[in-house]
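Each chain, written out:
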Amino acid sequence: MDQIFHQRRYLIPFRAVLLPQIFTDVLVIGAGVAGMRSALSAAEEGADENTDVIIASKGVLKDSSTYWAQGGIAAVMDKADSFESHIDDTMIAGAGLCDRNAVAHIVEQAPQRIEECIKWGLPFDKSAKTNQTALAREGGHSHRRILHADGDGTGKAFALTLYDKILEHDSIRLFDDCFVLDLITDKDNQVCLGAITHHPKYGLQVIWAGATILASGGCGHLYRESTNPQTVTGDGIAAAYRAGAKLQDMSFVQFHPTTLYIAGAARSLISEAVRGEGAHLLDKDGYRFMQDYDERGELAPRDVVAKSIIKQIQKTNATSVYLDVRHLGREFLQRFPGITKQLHAFDINPLKDLIPVHPSAHYMVGGIHTDLSGRTSLTGLYACGEVAATGFHGANRLASNSLLEGLVMGAEAGKTALEMMEKRTIKPPVKIISDIRISERSNLDIDDVRSSLRSIMWRHVSIERDGQTLNEVQKSINFWAQYSLDKIFDDRRGWETQNMLTLGSLVTQAARWREESRGTHQRLDCPESKDDFQVHDLWQIGSETPELNKV
Ligand code: SIN
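Throughout what follows, the structure given in this document is the object of discussion. Because the structure is predicted, anything quoted here is derived from the model rather than measured. (Residues numbered from 1 in each chain as written. Predicted model: local features only at pLDDT ≥ 70, side-chain atom pairs only at ≥ 80, totals over all residues. Heavy atoms only, no water.)

Quick look at the overall build of the chain now. Helix and strand counts for the chain come out as 15 helices and 21 strands. Whereas a compact globule of 551 residues would reach a radius of gyration of roughly 24 Å, the chain reaches 23 Å, a difference of no more than 12%. With respect to the principal axes defined by its C-alpha atoms, the chain has extents near 75 × 55 × 50 Å. When each of the 551 residues of the chain is scored for burial, the buried share is 62%. (Helix = DSSP H or I, 4+ residues; strand = E, 2+ residues; numbered from the N terminus. Rg over C-alpha atoms; globule rule 2.2 N^0.38 Å. Buried < 20%, exposed > 50% of the residue type's maximum accessible area, 1.4 Å probe, protein only.)

In structure tokens, the structure reads:
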């Protein structure tokens, strides 16, 4: 008899058996720093040198959050610095929810992983004085420990270096434009066995994998205002949830204070390093307002600055505030070539003009629960990078710790996934069943749902939240979900919107449950942190209340 496996959506059984089937040892979903590093690790660490690896990337290299990352990577690279200090800084930013073991695990591997990238050709910026790798200091860090490449192009340098390294491996195949609809599990939802994918040219395909590594990033586009590439719609987190994996700390979404605000244009990040170099924040009347909110002024932590900007925008009845870098002179252009190019594209000359900025959703702190080897709660499924929650970031991520987590945990997850190589049982041909019935319920306009969801998330589940409003938001999302999650779509827009509804509901649910303020999560009706909530909240499909893990 054929083996029968579950795929949760979209496919009716008779269609599934007609799909092309591909078999691989390790399927990596996502081609940012975590995905590429995990693929390299899987390909290089296997006992058998021919471990076959497929990287399924939703877009192309340039579409990842890694490629877009302007900020640097934090690591202890100077004798005057110490692991203890980087650990302490990370734990302070994490507001009581960091797991010390996770923090130490990642921080202590950082120098080794970075040296490896330098060996592979990653061109970190050098100090003009010493000709050694330059180390910058950023908000929340007690020492100079941030490495940059090409000023504000660190993420791009990582992406290109890892991509070149991947090209050296015949056993790694990179499938661009390959959207993952869903993970496949065995009949009892005990083991992940690969994924159903869609490619505009090749259509639907089944990729059976001995191990599957999710490295598909966060969910920034759940919010109307976001620094993330448009591809970032939470597909991996939603697929893992449907497959039965546990999600952790979903209420913690980090907002960045300064994204370029041009009505009608996609938002783009203006790095915190710009304020680090001395930029001022002015309101629409030219008033430098940050001192009114925090004595650290523009250098206050990013959640404080983001909140202050929102308040000042409300107070002045404006649509944005402004970064003023005019006094920094031509050095600004050299230090931030990418940002300068971005500004010129909108005819903004930073030496003469003010830069309109506004806060935006930036980074998903919560995600798929993993151990320190990248294992999720579902056998055969691993996760690393922004998609995962290891306990490293706690309730608020310290600047420049995200490329670091992707790099270290990517290497870790790729190696660990090889433990599945002996356990594979799948032999073609294989049938898949889907447990969704064709719905007779009314249709909603999916584009309208998507944009309403993004607006409601931005207005009510972003920087400041309130219990009663969150309850109303949950009702709206549930209503949209009721008429959208039961449908079988045949395009990305529909699949993505379903994922965004799932994620919107989960973030809201976790935000309703967390009746306190902590880290990125600010409740107007519960303004203080509470000891009872110094726990990780874990959510799994089919359960209404979270499992709690004491920190
Ligand atoms: C930034 O450059 O402001 C963002 C860096 C980060 O989020 O770590």
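What follows continues from the structure just given.
On to the pattern of salt bridges, then. In total, this model carries 33 salt bridges according to the counting rule given. Two residues, R523 and D525, come together in a salt bridge whose shortest N-O distance is 2.8 Å. In this structure, a network of salt bridges that share partners links the residues K58, D235, R450 and E496. (Salt bridge = Lys/Arg side-chain N within 4 Å of Asp/Glu carboxyl O.)

Further remarks concern the sheet that holds strand 12 (residues 268-269). With antiparallel pairing, the five strands of this open sheet are ordered in space as 12-11-15-14-13. Looking at the sheet topology across the chains shown, the edges are occupied by strand 12 and strand 13 (280-282). Contacts from helix 9 (residues 302-316) reach strand 11 (253-260), strand 13, strand 14 (321-324) and strand 15 (355-364), with the element oriented near 60° to strand 11. (Pairing = 2+ DSSP bridges. Contact = heavy atoms within 4.5 Å. Axes fitted to C-alpha atoms, helices over the stretch in contact; angles between N-to-C directions.)

Of note, E298 is situated in the loop between strand 13 and helix 9. Only 2.8 Å separates the side chain of E298 from the backbone nitrogen of L281, close enough to count as a polar contact. Leaving out residues up to four positions away in the same chain, E298 has contacts with R275, A279, H280, L281, R288, M290 and V305. (Polar contact = N/O pair within 3.5 Å; in protein donor to acceptor, adjacent residues only side chain to side chain.)

Moving on: the packing of aromatic side chains. Applying the stated criterion to the full structure yields eight aromatic pairs. On the basis of an interplanar angle of 70° and a centroid distance of 5.9 Å, the ring pair of F124 and F158 is categorised as edge-to-face. Highlighted residues: F124 in the loop between helix 5 (100-119) and strand 5 (146-147) and F158 in helix 6 (residues 154-167), separated in sequence by 34 residues. Each member of the pair F124 and F158 is classed as buried. With centroids separated by 5.6 Å and ring planes inclined at 25°, the aromatic side chains of F179 and W495 adopt a geometry described as stacked. Here the residue F179 occupies a position in strand 7 (residues 179-185), and W495 occupies one in helix 15 (residues 492-513), the gap between them amounting to 316 residues. (Phe/Tyr/Trp six-rings, centres within 6.5 Å; stacked < 30°, edge-to-face > 60°.)

Looking at the ligand, the residues that line it are G71, H256, L269, S271, E272, R302, H362, R397, A399 and S400. The separation between an oxygen atom of the ligand and a polar side-chain atom of H256 is 2.7 Å. S271 places a polar side-chain atom, nitrogen or oxygen, 2.6 Å from an oxygen atom of the ligand. Protein coverage of the free-state accessible area of the ligand, which is 260 Å², stands at 94%. (Near = heavy atom within 4 Å. Areas by Shrake-Rupley, 256 points an atom, 1.4 Å probe, with all protein chains shown as cover.)

Although it is not a glycine, D177 adopts a positive phi angle of roughly 60°. Here D177 is to be found in the loop between strand 6 (172-175) and strand 7. Judged by relative accessible area, D177 falls into the partly exposed class, the value being 30%. If you check the backbone angles, S400 has positive phi at about 70° while not being a glycine. Its place among the elements puts S400 in the loop between strand 18 (388-389) and helix 12 (402-417). Assessed through its relative accessible area of 6%, S400 is described here as buried.

The next point concerns the pairing of strand 14. As judged from the three bridges shared by strand 13 and strand 14, these two strands associate in the antiparallel manner. Each residue of the ladder has a partner; that of L282, found in strand 14, is Y322. Note: strand 14 against strand 15, three bridges, orientation antiparallel. Within strand 15, the position partnered with L323 by the bridge is I355.

That's the geometry; what it means functionally is another story.
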